[in-house]
Amino acid sequence: MRRLAIAAAIGSATALAVGIAATAHAAAPQLTATFVQTSTWSTGYGADYVIRNTGDAASTSWRVEFDLPAGSIVASSWSSVRTRDGQHYTFTNATYNGDVNPGASETFGFNVSGLGTPLNCTIDGRPCAGGGPAPTTAPPTTAPPPTTAPPPTTPPPSGPVVDVSTAAELRSALAFARPGQTINLAAGTYRGSFVATAGGTASSPIRLTGPSNAILINDGPSGTAPSCPVPAAGWDSGYGLWLYNAPYWTLTGFTVAESKKGIVADNSHHTTIDGVYVHDVEDEAVHFRRSSADSAIRNSRIENTGLVQPGYGEGVYIGSANSNWACHGNSGGVDRSDRVQVIGNRIGPNVAAEAIDIKEGTFNGVIRGNTFDGRGITGQNAGDSWVDAKGVGYVIEDNTGTFRSPGTFANGYETHNPSTTPSFANGCGNVWRNNRSDLGGVGNWAINVTSTSKCSGNLNVVYASNTVTNAVRALTNIAVTP
């Protein structure tokens, strides 16, 4: 009996020890975060953090924090929720990627303006490389500033010329702009959401002007977007400069960079962009949308687009795809951004989609005297030419286009004929004169006309004054007009 009692006691002690051990080694996630640069350019880079779970239970969320050196900022990010306090950044999981199973990984990414790389990285309060708790630091005493500033409550100076030197002054000047006024930007960086919703007139346009080192940057987007883009409280579009229902604006000289889109004109006819530099944007550089007709971009420079969505990284985008007319078709159900002129610009390198995308349902524009550098075009979303002409009656003349590796390049100029409701003979009646094309030994045709049968009675015309070198095939796939 005594032996049995001792054995029972030993068994109880063993069970207790096992229970304690089991409690001490309860299943739990163990997350690490590894920094990986994915691309670089002269003024910044793109990067990912790869989050791995080396533990034995799935995570339900994650939180990565790091600092950037002075002079470097996160310009945009994806697959995460970002907040900022000075040079300290916090990224938490999106709704769909907080669960990381044992042995699996998730990724979020961001673009940085500047060359400084992350310091003091932690994940869930522990060093990103794994190990014990990170040193305790006091939490920030103030909340990060909102991405979208509250609307101004007092008007800026009311004279014909308004000089601005801060982002707050610029927001106020845009909000209270009136016909005939000129807003002068001082040199410097203007960071935030910049939207104009008041227009000028034919005789008294509104002017926004500044030197090339006056740089507009939007760190958005943020908040919950409406179903169709419209300025709304609590939502930042991420556009560098947005004209909404704001016709007769003239934009000259300054720079737009490191934003989701560069310059967007919505229902803002007679918008003139002259001598502006747009670069390092996530999607397209300049978009004339929602019937922003009789507008122009001249003498401007566009580089490094499509940093996040290469297939949507057009240089100049005229109109809207018919699949988006439900939002942007404000002229009888169509986006009639007609008679837009694109003249004397330098577009490329590293414009990820077409240098110019002319959408269906637009008419009678002019593409003249531009220089297209096709290096870096990606071929994504069928973006594999300098110009894709789906519109009607465009004059395309005196342009110079080149292509060199890297990139994916099919033809210099292309037409397409999408069917639309209401019905148009899209991609027809366009004319090419005196264009010079160097296809780099890669492109097939300088001018590829997809269909003649769909343009019966309104044919596309290619004149003999066009020239081509280094083509896989030849100048064009249709008969040349003397």
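Details of the structure are given in the entry above.
Residues numbered from 1 in each chain as written. Predicted model: local features only at pLDDT ≥ 70, side-chain atom pairs only at ≥ 80, totals over all residues. Heavy atoms only, no water.

## Details of the state of the cysteines
Quick note on the threshold: Note on terminology: pairs of cysteine sulfur atoms within 2.5 Å are recorded as disulfides. Strands here are runs of E lasting at least two residues and helices are runs of H or I lasting at least four, both read from the DSSP assignment and numbered beginning at the N terminus. Each residue gets one of three labels from its accessible area relative to the maximum for its type: buried under 20%, exposed over 50%, partly exposed in between, using a 1.4 Å probe on protein chains only.
Throughout the structure, instances matching the rule amount to 3 disulfides. Linked covalently through their sulfurs, cysteine 228 and cysteine 327 form a disulfide whose S-S length is 1.9 Å. Here the S-S torsion is close to -75 degrees, and the disulfide linking cysteine 228 with cysteine 327 is therefore left-handed. Placement of cysteine 228 in the loop between β15 (214–217) and β16 (239–244) and of cysteine 327 in helix α3 (residues 325–328) is noted, with a sequence separation of 99 residues between them. Judged by relative accessible area, which is 24%, cysteine 327 ranks as partly exposed. With its bonded cysteines labelled in order along the sequence, the protein chain shows the pairing 1-2, 3-4, 5-6.

## Here's the deal with unusual backbone geometry
Residue proline 349 is bonded to the preceding glycine 348 through a cis peptide linkage, with omega at 10 degrees. Looking at the secondary structure, you find proline 349 in the loop between β27 (346–347) and β28 (356–358). Cis geometry is adopted by the peptide bond preceding proline 406, which originates at serine 405 and carries an omega value of 5 degrees. Among the secondary structure elements, proline 406 is positioned in the loop between β33 (400–402) and β34 (413–415). For aspartate 280, which is not a glycine, the phi torsion comes out positive at approximately 55 degrees. With respect to the secondary-structure elements, aspartate 280 resides in the loop between β21 (277–279) and β22 (286–289). Taking relative accessible area as the criterion, aspartate 280 reaches 5% and is therefore assigned buried.

## Remarks on the packing of aromatic side chains
Inclusion rule: Centres within 6.5 Å make a pair out of two Phe, Tyr or Trp rings, where for Trp the six-membered ring is used; the pair is then stacked when the planes are under 30 degrees apart, edge-to-face when over 60, and tilted otherwise. Here, over-ring charges are defined by two tests on the NZ atom of lysine or the CZ atom of arginine: distance to the ring centre within 6 Å, and angle to the ring normal within 35 degrees.
For the structure on display, the rule yields 22 aromatic pairs. Here phenylalanine 403 and phenylalanine 409 contribute two aromatic rings whose centre-to-centre distance is 4.7 Å and whose plane-to-plane angle is 5 degrees, an arrangement assigned as stacked. Exposure class is identical for phenylalanine 403 and phenylalanine 409. Each is buried. Site record: aromatic cluster; members linked through ring pairs are Phe35, Tyr45, Tyr49, Trp62, Phe66, Tyr89, Phe91, Phe108 and Phe110. In this arrangement the basic side chain of arginine 301 is found over the ring face of tyrosine 277, its NZ or CZ atom lying 3.7 Å from the centre.

## Quick word on the nonpolar core
Nonpolar side chains in soluble globular proteins tend to end up buried together. Our working rule: To define a nonpolar core, start from buried Ala, Val, Leu, Ile, Met, Phe, Trp, Tyr and Cys residues and group those joined through side-chain atoms within 4.5 Å.
Among the nonpolar cores identified, the biggest contains 62 residues, and Leu170, Trp249, Phe254 and Ile356 are the most heavily contacted of them. No other element matches the 4 residues that helix α2 (residues 167–175) contributes to this core. By size, the runner-up hydrophobic cluster in this structure holds 21 residues, among which are Ala33, Ile51, Ile73 and Cys128.

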